[in-house]
Amino acid sequence: MPSDYLSALAQAHWPPDFGPPPATWHWLLQANGALAAHNNLLLFGFPDNRQEPALVAKICRTPRYDHTLRREYVRLGELWQKWGADARGRAPRPLTLAQHGADVVLLMSYCGGAPLLTAPTRFWQDAAQIQTLLQQAAIWLHDLHHHTATPKSGAEMGADFAASAAAFADLFSLSEAEQEVLTALSEQVARAETAASARALLQGDFWPGNVIRSPAPGGALDLILVDWQFSRWDSNVSLDVYLFLAVCATKASPYDAAHATRARLAAQTLLDWRTHLLPAYLAAYAPPPGCRLLPARAGLLACCVEMAARPFLAFGLTQADAVHWRTLFGELHQHFMM
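Residues numbered from 1 in each chain as written. Predicted model: local features only at pLDDT ≥ 70, side-chain atom pairs only at ≥ 80, totals over all residues. Heavy atoms only, no water.

> Describe in detail the overall build of the protein chain, supporting the description with residues and values.
Each helix and strand in the protein chain was counted, giving 10 helices and 11 strands. The C-alpha radius of gyration of the protein chain comes to 20 Å, within 12% of the 20 Å expected for a compact globule of 338 residues. Projected onto the principal axes, the alpha-carbon positions of the protein chain cover approximately 65 × 45 × 45 Å. Across the 338 residues of the protein chain, 51% fall into the buried class. If you take every contact in the protein chain between residues at least 6 apart in sequence, the share linking residues at least 24 apart comes to 72%. (Helix = DSSP H or I, 4+ residues; strand = E, 2+ residues; numbered from the N terminus. Rg over C-alpha atoms; globule rule 2.2 N^0.38 Å. Buried < 20%, exposed > 50% of the residue type's maximum accessible area, 1.4 Å probe, protein only. Contact = heavy atoms within 4.5 Å.)

If you want it as structure tokens, here you go:
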């Protein structure tokens, strides 16, 4: 991607409330050579030789997968319309979606800060710290879902969980008991969506890696959420809520363990959390009126199904961590009762 093209794009779409437009731009590419074809390249735009970037240009490595960037642009625009000025410091501001040859470029504001969680192993041995982390995330989700909740209409319904369930069954060998659980779960999700009268904007990929801590006035910390490529409107808010919980439980397991082993350890962690940490997390959240939140067991199982099937449905491929989600599904359906 030519830097002069990005600089011209930045100048043309520089928001007036950002101050005077910069005279010059310098772009720095951040890319991991091991990224899959459906992953994105990030180019950070530094104005007038400043040490911190002001803008980010996101480009998919393979143009045929750029539908996720188009979705991100639309959803971020809707978020800023709903949240208004409160969206500043909470999510990137979308500036434009442009086409350069075969490439789609998403230009948005840069969100500075540190990763939410760069914690050593001992962090996961402190229940008080874990509870604080979960409650911070729950409060953020509460604000997102409540600020965006709107009456449900037929214009855009929630994600088709039936498609995820069918893909999950095709991708993995399920026991008869697991297939029965999957069928019952699909029916439960369908009933929840039918009973709902409102829908909210889900980030769709809510886990610590997509959350940034940013200093706020008075020494407080604001949470900024990035990577909205799988965001969606849905009357069932369970994915955002339970994905964060499941990933945190996974991070409490040894990183170098195999996917299946980490999944089994994560299941045990979730079992340990269900008497105290899980109720505290859900109490700090509370779904918007008219939306539906599945009970913990069903919500976690549905999360496993969606995350295992998502790469196949979105890109026609499977990823190594699908084994993690499939194994976690098998462990939870047997042992997690609530």
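> Which residues make up the side chain of Glu-331, and what values do they have?
Secondary-structure assignment places Glu-331 in helix H10 (residues 322-335). Among the residues examined, Glu-331 registers a relative accessible area of 18% and is labelled buried. If we skip the residues at most four places from it in the chain, Glu-331 touches Arg-264, Ala-267 and Phe-336.

> Quick rundown of the pairing of strand E2 (residues 40-47)? Include the residues and the values.
Within E2, six of the eight residues are buried, leaving the element largely enclosed by the surrounding structure. In this sheet, E2 lies alongside strand E1 (residues 25-30) in antiparallel orientation, the contact comprising six bridges. By the bridge assignment for E2, Leu-29 is matched with Leu-43. (Pairing = 2+ DSSP bridges.)

> Tell me about the pattern of salt bridges, and name the residues and values.
With the rule as written, the count across this model stands at 12 salt bridges. A salt bridge links Arg-70 to Asp-66; the shortest N-O distance between them is 3.4 Å. A residue is classified by how much of its surface remains accessible, and Arg-70, at 36% relative accessible area, is partly exposed. Put simply, Arg-232 and Asp-234 hold a salt bridge, and the shortest N to O gap is 3.0 Å. (Salt bridge = Lys/Arg side-chain N within 4 Å of Asp/Glu carboxyl O.)

> Give a detailed account of empty space enclosed by the protein, specifying residues and quantitative values.
In the structure shown here, the tally under the stated rule is one cavity of 30 Å³ or more. Looking at the largest cavity, it is lined by 12 residues, and the ones nearest its centre are Phe-161, Val-189, Arg-232, Asn-236 and Glu-306. Those elements giving two or more residues to the lining of the largest cavity turn out to be helix H5 (176-195), strand E11 (232-234), helix H6 (238-251) and helix H9 (296-315). The greatest single-element share of the lining of the largest cavity, amounting to three residues, is contributed by H9. For the lining of the largest cavity, the residue count by class is six nonpolar, two polar and four charged. (1 Å grid on protein atoms, 1.4 Å probe; cavity = no way out; pocket = protein on both sides within 12 Å on 5 of 7 lines; lining within 4 Å. Points joined across faces, edges and corners; volume = space filled by probe spheres on them. Nonpolar A, V, L, I, M, F, W, Y, C, P; charged D, E, K, R; others polar.)

> Describe the sheet that holds strand E4 (residues 94-100), listing the residues and the values that go with them.
Read from one edge of the open sheet, five strands run E1-E2-E3-E5-E4, paired in antiparallel fashion. In this open sheet, the two edge strands, each paired with only one partner strand, are E1 and E4. If you compare each strand with its neighbour and ignore which way they point, the axes differ by 25 degrees on average. Here five bridges tie strand E3 (residues 55-60) to strand E5 (residues 103-109), and the two strands are oriented antiparallel to one another. Across the sheet, the residue bridging to Ile-59 is Val-105, located in E5. Its contacts with the sheet place helix H1 (residues 3-12) against E1, E2, E3, E4 and E5, and it is angled at close to 115 degrees to E1. Against the sheet, helix H2 (residues 67-83) contacts E2, E3, E4 and E5, and its axis sits at roughly 155 degrees relative to E4. (Axes fitted to C-alpha atoms, helices over the stretch in contact; angles between N-to-C directions.)

> Can you lay out the side chain of Thr-327 for me, pointing to particular residues and giving the numbers?
Inspection of the secondary structure assignment puts Thr-327 in helix H10. Not counting the four nearest positions on each side in its chain, Thr-327 is found in contact with Ala-260, Ala-263 and Arg-264.

> Account for the nonpolar core, naming residues and giving values.
Trp-325 and Leu-328 are the most contacted members of the largest nonpolar core, which has 87 residues in total. A total of 11 residues in this core trace back to one element, the largest contributor, which is H9. Residues contacting Leu-328, with those up to four places away along its chain left out, are Ala-246, Ala-263, Ala-266, Ala-267, Leu-270 and Cys-304. Core analysis: the second largest hydrophobic core is formed by 16 residues, Tyr-5, Leu-9, Trp-14 and Leu-95 among them. (Core = buried A, V, L, I, M, F, W, Y, C linked by side-chain atoms within 4.5 Å.)

It is worth stressing that arrangement in space is one thing and function is another; only the former is reported here.
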